[in-house]
Amino acid sequence: MYDLVSILSLLVYKKMRSLMDGEVVASLEVMKDASGKLSRALISLKAEGLLDEEEEDMEMADPVGELQDGAWDVEDAIDAVSTELYRIIRNRKRLCPGKAFLRFNAFCHKIKDITARIDCLTQATQTLRSEWAGRLKIPYLTGFVVSQDDVVGREDDGRKILDMLLAHDSDQFSVIPIVGMAGLGKTTLAQVIFNRYEAVQHFDLRIWVSVTVDFNYPRILEDIITSITHTNGDLAGLSMSTIEPRAVGLLAGKRFLLVLDDVWPVNYFQWEPLEKVLRHGERGSRVLVTSRTVKASDIMGALDPYRLGFLPNHDCWGLFRSIAFKGSNSKLSDRTMEDLENIGMKIVAKCGGLPLAVKAMAGLLRGNTDVNKWQKISNNDMMICKAEKQNLLPALRLSYHYLPSRIKQCFAYCSIFPKGHVFDKKELIMLWMAEDFIQYTQLESPEETGSQYFDELLMRSFFQASDVETDKYVMHDLIHELAQLVSSPYSLQVKNSECSICHKTRHVSLLVKDVDQPITQIVHKSKQLRTLVLFPSEHPKNIRNTLLDKTFQTLTHLRVLDLSSSTISVLPESIEKLQLLRYLDLSKTEITRLPDSICNLYNLQTLKLLECFLSQLPKHFAKLINLRHLELDQSFWCACTKLPPRMGSITGLHNLHAFPIGCEKGYGIEELKGMSYLTGTLHVSKLENVAAAAAEEAKLEEKESLKKLILEWSSTDRDIVAVGSSSHDEEIMVLDHLRPNSNLIELKICNFRGTGFPLWMTDGWLQNLSTLSLNGCTNCKILQMLGQLPCLQKLYLKGMQELQELTAQSGKEMCLEKLKIVNCPKLTKLLPSFPKLRKLKIKKCNSLEALPVTKSLMSLVLVDNLVLQEWSEVDSSFSEVLELKIDCCPRLQALPQVFAPHKLEINRCELVTELPNRECFQNLQHLAVDQACEGGKLVGAIPGNSPLCSLVISNISNATSFPKWPYLPRLKALHIRHCKDLTSLCEEPAAFQGLSFLKLLSIQGCLKLMTLPNDGLPKTLECFTISRCTSLKSLGPKDVLNSLTSLGDLYIEDCPKLSCLPEEGVSPSLQHLVIQGCPLLAERCRRSGGKDWPKIMHVPDLEVESTDVCLTPDSQPKPKPSSAHWFTHLS
């Protein structure tokens, strides 16, 4: 059952106090009295724990459940008063006299009635309080004795932990924690390690203490003394001044192993006295701790916790078999044994890797050899759950009981999610906030407090990090069962048309496709509902608009509404009836506009509109003053040219990715002033509309959580100064006033016309900046700021037409790792050296002659640099380069002398006439050459046995054929393109013999090629493309295609002289055949009467089109998807 005491004793009281400020104190005095009485009553119950537990005793469950309902009713009423008060104040109406006064009087009477009801319920529970004490079962104490016959698996875990115990180090003693959820076998593993021969021989003393939930220092010392002395002497009643020296004396000079089993959260003041005693042991002593929470190990100053994972499925089966079949194997027939094993494996799979669950199921079936009974249990999840509950849930329930009370309701809320759900931490916190579960102070935001709640649950193993997705989390099925148990009957998952919704239900998730029926039941039976969530399924959920309207009219207490992945296209205006709504998700719906009435949802905190088709927000959007999270697609923000006015009213908003500035009131940059919670990215555009005096009003320096800032003027084409627009000097002043917080990580400035940058960019203010982009800053001539940005790793410069030098202050260490310079035509000088640079791209820098020295460079791209001619190859500057691409650098005469890349592309560099030397091929996997050298030299220069995987040869002139290809056992893709003089692929016999693993062959734009080799193509081909070969008349010998037994894709395109397929047809394995732009061939392949139709009729996917083509030598072929796919896959 939810623990709402903290909410109603702290949060509600704060709400009531906020309602009493100002002019309405006298009118709401009665509410103050009611709230005070409520707080005192609930605090009393809090102390007794009556709202913390799921009460199975119906005698207690009824009154406590009614108390719960009453508490929620009070909170609803107070929230309604708060909302109404805001509306009155906003509309500047007086509270008294008039209808408003009567409205508040009604609320006051309602709260008085409910408080009186709670008083009665509190008195009714008085007689049961004495019975409540001591009902919680304390976990049993464990010992170190374990039967090896009962232990299956965990050999690797045991070996690793034992190695940690026996490791030599200088520490007096160290703490090694084993952490994991209940039922994983932490204690059993510790018992096995404790009794290992190596541990017995290594340690002088071995001590086992079962700690449990109470970290009782005197009792622990007594257990240590008893374990060492092997006596049961009565130490009770002795003072600590007697017990401590005795324990110290027994441990002094001894190398001990102490196991503290089942340690619960402990504070440092509990641990410190024991730590002082343990430090008297010999160097190399160890404390092995088993715990359900990481927090215990953190307090103890332990090594990184050893997180025990789920038991592998094969070990689970071994454990199950050892218990369930013990003593029965010899009595069963082989057939019966086989049937039971098959069923047992299915049962084990449902235990989710928990040894305790496996033991529970094995114990249930032990001695029972009835196959039908086993099958019945396997098919009945409820029977499995019952067995698991009896054995596991008491242990898990203990974990829940000792959760901080403020976190219990957060955990219980997770029951509305389906089993196996992947949790997003931020998303879950938003939901907790919407339900008012988070108690935060003015010193931190609710998101920060919520993050602490989540981390607490994670540390206590209620969540586990997902193995599939980073920053995602999962919940074990049995933990989920516990959440459902403690949240019943207030939370409900609807999985089919028959749902048990009742008036007590407050939180509902719909996991069915047809949601109309359950929503109709909810509207009639559960008008106090707080949460309605439509979980995504394979098919979008359809909700009738009339039903949606009725839902809004009726369920006015909703705080969370998730309609995502539904087919709704229009949101009814009645959405405004949901005055208490805090979370609304309309993602993946067909909504194209939001109704104006949505702006009346005063309490709304989260609005999600991802993957919708919205083009704008409602005009009065700024009325949503409590909105904190607005989620829209990046496409919306990129297309956004105007936001609603007065967005600055939403001071708590965290994500405003774009803010285009207007000239009218309510659209100015001063709207950003109070938005101090902005996080992530902020793109401020149309800065030409900002005067220097107003720029400072943005208060960007106060936005500590902002990570990326984009400052953009509309364009560089502003030579004709319009009335009211800023001059160049004005822009410098504007940028100077837009100084961001020093926490900023990424900064981008676009179309700034100043000749220099403000002091905050050059004086070291941006100590955390890692990425800087300057785009279209056309008047800057010298960029000298790099030395003042100690964390700068990425620098992008584009369209800086006047930039001449890129320098840094002398003596400053540079950590730049990526540099990209594009379209800086006057740039002549770079820094002489970039010692840590890993990636460098220089494009369209027509005045740059030399590259810098880059000893750590791994990727280099040079494109359209007309005068670049010097590599600056000092001390093997390019020895680490893995990728080199050179395109249209006409003055480069050679490649670097010392480098061995994995990928090399050379294009339009006429003076580069030779390929790298043989040493450069030792790691080369991809080579693309265009107009680099004569064709005969090209193939001959490739050494045999090179690791080349893909080869692209383009625009090679003066070559009528290639020589015999070398032995390239790893070559999988060969592309031959636009070799205008090529008439034959090879004139020598067995031309492709060395390409024994070729998968893709693509020949395009070879206008003089007439036929393929007489001895055929590589037999390993899986994809063959030939296109725009206008002279091609034959594909080769009669079996050239039929013999390709692995060929799956064949593309023959724009070969107008090709008149027929080879005599023996195509490969029997062919799955996809495309014939386009080959009129003669297409005619023979017609389905009706085509002479070659029998050769291709077996191909499942045929595309035959007789399109006449007109080709010229300058025609460029269209890229083929298949070829692109293969190239990407293989290179």
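Since the model is a prediction, treat every value here as computed from it, not as a measurement.

Next up on the list: the overall build of the protein. Of the regular secondary structure elements, the protein holds 31 helices and 36 strands. The buried share of the protein, reckoned over its 1131 residues, is 53%. Within the protein, counting contacts between residues at least 6 apart in sequence, those at least 24 apart form 59% of the total. Summed over all atoms, the accessible surface of the protein reaches about 49400 Å², with 49% contributed by carbon and sulfur.

This brings us to the packing of aromatic side chains. Considering all chains together, one arrives at 17 aromatic pairs under this definition. Relative to Phe878, the ring of Trp871 lies with its centre 5.5 Å away and its plane at 85 degrees, an arrangement referred to as edge-to-face. Given the relative accessible area of 2%, Phe878 is considered buried. Connected via pairs of aromatic rings, a cluster forms that spans Phe417, Phe423, Trp432, Phe454, Phe463, Tyr473 and Phe535. Sitting over the ring of Tyr667, Lys642 keeps its end group 4.7 Å from the ring centre.

Within this structure, the stated rule accounts for 30 salt bridges. With its nearest N and O atoms 3.6 Å apart, the salt bridge here joins Arg582 to Asp436. Taken as a pair, Arg582 in the loop between β12 (560–562) and β13 (583–585) and Asp436 in the loop between α20 (425–434) and α21 (446–459) lie far apart in primary sequence, 146 residues in all. The residues Arg582 and Asp436 share a single accessibility class, namely buried. Through salt bridges with shared partners, one network takes in Glu427, Lys608 and Glu631.

Two elements in contact, helix α9 (residues 217–229) and helix α11 (residues 268–278), have axes whose closest approach is 10 Å; the angle formed by their N-to-C orientations is 25 degrees. In terms of their interaxial angle, α9 and α11 are classed as roughly parallel. In terms of crossing hand, the pair formed by α9 and α11 is right-handed. Contact residues: Tyr217, Ile220, Leu221 and Ile224 in α9; Pro273, Leu274 and Val277 in α11.

A separate point is the nonpolar core. In this structure, Leu747, Phe757 and Phe1024 are the most contacted members of the largest nonpolar core, which totals 188 residues. Contact partners of Phe1024, with chain neighbours within four places excluded, come to Leu1001, Ile1003, Leu1012, Leu1017, Leu1041, Leu1047, Asp1049, Leu1050 and Tyr1051.

Following Ser488, the chain continues into Pro489 via a peptide bond in cis, with omega recorded as 5 degrees. You can see Pro489 is positioned in the loop between α22 (477–487) and β9 (491–494). Although it is not a glycine, Arg646 sits at a positive phi angle of roughly 60 degrees. Relative accessible area serves as the criterion here: at 44%, Arg646 is assigned to the partly exposed category. Positive phi is not limited to glycine here, since Lys686 has a value of about 60 degrees.

With that settled, consider helix α6 (residues 155–166). Each α-helix turn comprises 3.6 residues. Residues three or four places apart therefore point the same way. Between its first and last C-alpha atoms α6 spans 16 Å; for 12 residues at 1.5 Å apiece the expected length is 16 Å, and the two agree. Of the positions making up α6, those classed as buried are Asp157, Gly158, Ile161, Leu162 and Leu165. Taken down its axis, α6 places every buried residue within 125 degrees of arc, on the same side. Close packing links the buried residues of α6 with β1 (173–179), α7 (186–194), α8 (197–202), β3 (256–263), β4 (285–291) and β5 (306–307).

A separate point is the environment of Glu282. Position of Glu282 relative to the elements: it lies in the loop between α11 and β4. By relative accessible area, which is 37% here, Glu282 ends up partly exposed.

The subject of this paragraph is the side chain of Asp261. Counting through the fold element by element, Asp261 comes out in strand β3. For Asp261, the side chain forms a polar contact with the side chain of Thr187, separated by 2.8 Å.

A few words on the pairing of strand β34 (residues 1049–1053). A large share of β34 lies buried, amounting to four of its five residues. As paired elements, strand β33 (residues 1023–1027) and β34 share five bridges and run parallel to each other. What sits directly across from Phe1024, in β34, is Leu1050. Here five bridges tie β34 to strand β35 (residues 1072–1076), and the two strands are oriented parallel to one another. Across the sheet, the residue bridging to Glu1053 is Gln1076, located in β35.

Within the open sheet, the seven strands sit side by side as β9-β10-β11-β12-β13-β14-β15. Their pairing is parallel. Here the strands that pair on one side only, and so sit at the sheet edges, are β9 and β15 (629–632). If you compare each strand with its neighbour and ignore which way they point, the axes differ by 5 degrees on average. Here β13 pairs with strand β14 (residues 606–609) via three bridges, running parallel. Across the sheet, Tyr583 pairs through a bridge with Thr606, a residue of β14.

Attention shifts here to the sheet that holds strand β2 (residues 205–212). Taken in spatial order, the five strands line up as β2-β3-β4-β1-β5 in an open sheet, and their pairing is parallel. Taken across any chain shown, the strands that pair with only one partner, and hence form the sheet edges, are β2 and β5. Direction of pairing for β3 relative to β4: parallel, over a ladder of five bridges. Residue Leu257 lies in a different strand from β4, and its bridge partner there is Arg286.

For the pair helix α13 (residues 313–324) and helix α14 (residues 334–349), the least separation of the axes is 10 Å and the interaxial angle reads 125 degrees. The orientation of α13 relative to α14 falls into the category oblique. The crossing of α13 and α14 is right-handed. On α14, the residues that touch Asn313, Cys316, Trp317, Phe320 and Arg321 of α13 are Met337, Glu341, Gly344, Met345, Ile347, Val348 and Ala349.

Below, the discussion takes up the side chain of Glu456. Here Glu456 is to be found in helix α21. Exposure remark for Glu456: the relative accessible area of 8% places this residue in the buried category. Excluding its chain neighbours within four sequence positions, the residues that come into contact with Glu456 are Lys295 and Ile407.

Extensive coverage of α20 is indicated by the burial of nine of its 10 residues. One or two steps after α20, the chain reaches Asp436, where phi turns positive at roughly 65 degrees.

Here we come to the environment of Thr1025. Residue placement: Thr1025 occurs in strand β33. Looking at Thr1025, the relative accessible area reads 0%, which means it is buried.

Evaluated as defined, the whole model comprises zero disulfides. Cysteine Cys1006 is unpaired, with the sulfur of Cys979 as its nearest cysteine sulfur at 4.9 Å. Cys1006 gets classed as buried once you look at its relative accessible area, which sits at 0%.

Next up on the list: the confidence of the model for the protein. Residues at a pLDDT of 70 or more form 80% of the protein, whose mean pLDDT is 80. Long-range and interchain partners of residues 720–726, a stretch whose pLDDT sits below 50, account for seven contacts in this model, where long-range means more than four residues apart. pLDDT under 50 marks residues 1107–1131. Its contacts with residues more than four places away, or in other chains, come to 46 contacts.

For Phe320, the position within the fold is in helix α13. Relative accessible area serves as the criterion here: at 0%, Phe320 is assigned to the buried category. In the structure, Phe320 is positioned 168 residues away from Val152 in sequence and 9.3 Å away in space, judged by C-alpha atoms. Ignoring anything within four residues of it in the chain, the contact list for Phe320 reads Phe325, Gly344, Ile347, Val348, Val358, Met361, Ala362, Leu365 and Trp374.

In terms of strand pairing, strand β17 (residues 680–685) meets strand β18 (residues 706–712) through five bridges, oriented parallel. Residue Thr681 lies in a different strand from β18, and its bridge partner there is Lys708. Taken together, the five bridges between β18 and strand β19 (residues 746–750) define a ladder with parallel strand orientation. Residue Ile710 lies in a different strand from β19, and its bridge partner there is Lys748.

What counts and what doesn't
- Residues numbered from 1 in each chain as written.
- Predicted model: local features only at pLDDT ≥ 70, side-chain atom pairs only at ≥ 80, totals over all residues.
- Heavy atoms only, no water.
- Helix = DSSP H or I, 4+ residues; strand = E, 2+ residues; numbered from the N terminus.
- Buried < 20%, exposed > 50% of the residue type's maximum accessible area, 1.4 Å probe, protein only.
- Contact = heavy atoms within 4.5 Å.
- Areas by Shrake-Rupley, 256 points an atom, 1.4 Å probe, with all protein chains shown as cover.
- Phe/Tyr/Trp six-rings, centres within 6.5 Å; stacked < 30°, edge-to-face > 60°.
- Lys NZ or Arg CZ within 6 Å of the ring centre and 35° of its normal.
- Salt bridge = Lys/Arg side-chain N within 4 Å of Asp/Glu carboxyl O.
- Axes fitted to C-alpha atoms, helices over the stretch in contact; angles between N-to-C directions.
- Parallel < 35°, antiparallel > 145°, perpendicular 65-115°, else oblique.
- Left-handed = near helix turned anticlockwise from the far one by under 90°.
- Core = buried A, V, L, I, M, F, W, Y, C linked by side-chain atoms within 4.5 Å.
- Expected span 1.5 Å × (residues − 1).
- Arc of directions from axis to C-beta.
- Polar contact = N/O pair within 3.5 Å; in protein donor to acceptor, adjacent residues only side chain to side chain.
- Pairing = 2+ DSSP bridges.
- Disulfide = S-S within 2.5 Å.
- pLDDT = per-residue confidence, 0-100.

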